[in-house]
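Listed below, chain by chain, are the residues.
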Amino acid sequence: MNDVEFGLDTFGDVTVDLDGARVHDAVAVRNVVEQGVLADQVGVDFFGVGEHHRDDFAISAPELVLAAIAARTERIRLGTAVTVLSSDDPVRVFEKFATLDAISNGRAEIIAGRGSFTESFPLFGFDLAQYEVLFEEKLELLVKLLDEGEVSWNGTTRAPLIHQQVYPKTESGRIRTSVGVGGSPESVVRAARHGLPLTLAIIGGAPERFAPYVDLFHRAVAQFGHETLPVAVHSPGFIAATDQEAADLYYDHHKVMVDRIGAERGWPPTTRDRFDAEIVDGALHLGSPETVAQKIARTVRTLGVQRFDLKYSAGTLPHEHMMTAIELYGREVIPRVRALLADD
């Protein structure tokens, strides 16, 4: 399993500084650029930036942040985590990523999703009652655009295209694109039907619980007549010198984020016991480099995936701690995981 890739994801959370003061949105954006540059320097394969439209996340235009990172890096792949395709225009998505692909010398990647947050829908004038049809139609159009030829398309959610070319074209002829899925079987099958790789978000519960989704994806890909397609996993985590230090640095900031989202969605406040259980048996890949490497290797083996993306940001967690985690991930965790997988 030496061909496995290792990535990092962030949502561009608005953090606090080491004194506990909230940083300005602009500082949070610049910090993400620095994090992406460091990820390239320490050998990470992919850097993903989320799209949100609310006050606890600073990044609403990830393509611009990725372009800034592209100009200062050489090898790392750069993409979204995710592009909220339902409330965007597929033509503009293609144009922006084709431009990013040019700036980065072919390193752009789209992860398209419906988005677990819905703020973008009223912001851009879309009806949440069309949640499913918006994504289905726009993904269908994006798939056509990815072929980079003449496009004709007709649907209910945007104006039709008739024998239309879209520019710029990419040098490789295609932008690497996958579908981000949170655990819906219908979404897994949709990705397979369109012949797109799967990025599976595992943000709670034991990773092995998601093995049926990976199996469903591979079976659906075969039934739709496509060649075998890769699967990536996105899961939260954090790395520090020791297990205790990692948990202590991370927990309070994690709780701020989880409890705010929980209050909006009807979840109870999180507890330290629940947090500790997620480290031991759940989705959190958190601890010392050795602990995190062992757990990532276990997740990759169990699910048979081709990429693991660690979502290293967590609410108000300071930039300095995230930079340390990125350094440890690239220099210590990834080599350990590769060695563990090489023994399989």
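Quick note: structure is the one above.
(A) Up close: the nonpolar core. Residues Phe6, Leu8, Phe47, Phe217, Leu286, Ile296 and Tyr329 are the most contacted members of the largest nonpolar core, which totals 99 residues. No other element matches the 10 residues that helix H11 (residues 319-342) contributes to this core.

(B) Representation of the layout of surface pockets within the structure. Estimates place the volume of the second largest pocket at around 260 Å³. Considering the residues around the second largest pocket, the lining is formed by 17 residues, among which Glu109, Arg176, Pro197, Pro230 and Arg307 are closest to the centre. When residues of the lining of the second largest pocket are traced back to their parent elements, those giving at least two are strand E8 (176-181), strand E9 (198-201) and strand E10 (231-239). Element by element, the count of residues in the lining of the second largest pocket is highest for E8, at three residues.

(C) Just the pattern of salt bridges, in detail. Inspection of the entire model under this criterion finds 33 salt bridges. A salt bridge links Glu136 to Arg190, with the shortest nitrogen-to-oxygen separation between them at 2.8 Å. Pair noted here: Glu136 is in helix H5 (residues 131-146) and Arg190 is in helix H6 (residues 185-193), with a separation of 54 residues, a long-range link. Here Glu136 and Arg190 have matching classes, each one buried. Residues Glu332 and Arg336 are paired through a salt bridge, measuring 3.3 Å at the closest nitrogen-oxygen approach. Here Glu332 and its partner Arg336 are both found in helix H11, four residues apart, which amounts to about one turn of the helix. When salt bridges with common partners are traced through the structure, they connect Glu5, Arg77, Glu109, Arg176, Arg307 and Asp309 into a single cluster.

(D) Structural view of helix H8 (residues 243-265). End to end, H8 covers 30 Å across 23 residues, agreeing with the expected 33 Å (1.5 Å per residue, within 8%). The sharpest bend along H8 measures roughly 40° and falls at Tyr251. What H8 keeps buried is the set Ala246, Ala247, Tyr250, Tyr251, His253, His254, Met257, Ile261 and Gly262. Buried residues along H8 sit in contact with E10, helix H9 (272-281), strand E11 (285-287) and strand E12 (307-311). One or two residues past the end of H8 sits Gly266, with phi positive at roughly 85°.

(E) Spatial organisation of the packing of aromatic side chains. Within this structure, the stated rule accounts for eight aromatic pairs. Between Phe47 and Tyr312 the ring centres are 6.3 Å apart and the planes differ by 40°, which places this aromatic pair in the tilted class. Taken together, the residues Phe47 in strand E2 (residues 46-49) and Tyr312 in the loop between E12 and H11 connect sequence positions 265 residues apart. Grouping residues by exposure puts Phe47 and Tyr312 together as buried. Chaining the aromatic ring pairs together yields one cluster made of Phe238, Tyr250, Tyr251 and Phe275. Above the ring of Phe46, the side-chain terminus of Arg307 is found at 3.8 Å from the ring centroid.

(F) Examining the side chain of Ser184 more closely. With respect to the helices and strands, the residue Ser184 is situated in the loop between E8 and H6. Judged by its relative accessible area of 18%, Ser184 is buried. Side-chain polar atoms of Ser184 contact the side chain of Glu186, separated by 2.9 Å. Excluding its chain neighbours within four sequence positions, the residues that come into contact with Ser184 are Arg114 and Tyr213.

(G) Geometry of unusual backbone geometry. Across the junction of Ala81 and Val82, the peptide omega takes the value 10°, indicating a cis bond. Here Val82 lies in the loop between strand E3 (77-80) and strand E4 (83-84). Backbone torsion omega between Tyr167 and Pro168 reads 5°, so that peptide bond is classified as cis. Inspection of the secondary structure puts Pro168 in the loop between strand E7 (161-164) and E8. Here Asn105, not a glycine, exhibits a phi torsion of approximately 60°, which is positive. Relative accessible area serves as the criterion here: at 64%, Asn105 is assigned to the exposed category. In this structure, Glu148 takes a positive phi of about 65° despite not being glycine. Tracing the backbone through its elements, the reader meets Glu148 in the loop between H5 and strand E6 (151-153).

(H) How the structure looks around the pairing of E3. Judged by which residues are buried, E3 turns out to be covered on both faces: Arg77 and Gly79 on one side and Leu78 and Thr80 on the other are all buried. Bridge count for E2 against E3 is four bridges, and the pairing is parallel. The residue bridging Gly48 from the neighbouring strand is Gly79, located in E3. Between the parallel elements E2 and E3, the chain passes through helix H2 (residues 62-70) in a crossover that is right-handed. Summarising the sheet, E3 and strand E5 (residues 108-113) pair through two bridges and their orientation is parallel. Bridging across to E5, Gly79 finds its partner in Glu109.

Rules used in this analysis
- Residues numbered from 1 in each chain as written.
- Predicted model: local features only at pLDDT ≥ 70, side-chain atom pairs only at ≥ 80, totals over all residues.
- Heavy atoms only, no water.
- Core = buried A, V, L, I, M, F, W, Y, C linked by side-chain atoms within 4.5 Å.
- Buried < 20%, exposed > 50% of the residue type's maximum accessible area, 1.4 Å probe, protein only.
- Helix = DSSP H or I, 4+ residues; strand = E, 2+ residues; numbered from the N terminus.
- 1 Å grid on protein atoms, 1.4 Å probe; cavity = no way out; pocket = protein on both sides within 12 Å on 5 of 7 lines; lining within 4 Å.
- Points joined across faces, edges and corners; volume = space filled by probe spheres on them.
- Salt bridge = Lys/Arg side-chain N within 4 Å of Asp/Glu carboxyl O.
- Expected span 1.5 Å × (residues − 1).
- Bend = angle between axes of the 7 residues up to and from the residue.
- Contact = heavy atoms within 4.5 Å.
- Phe/Tyr/Trp six-rings, centres within 6.5 Å; stacked < 30°, edge-to-face > 60°.
- Lys NZ or Arg CZ within 6 Å of the ring centre and 35° of its normal.
- Polar contact = N/O pair within 3.5 Å; in protein donor to acceptor, adjacent residues only side chain to side chain.
- Pairing = 2+ DSSP bridges.
- Right-handed = clockwise from strand over helix to strand, strands pointing away.

Shape is all these values report; function is a separate question.
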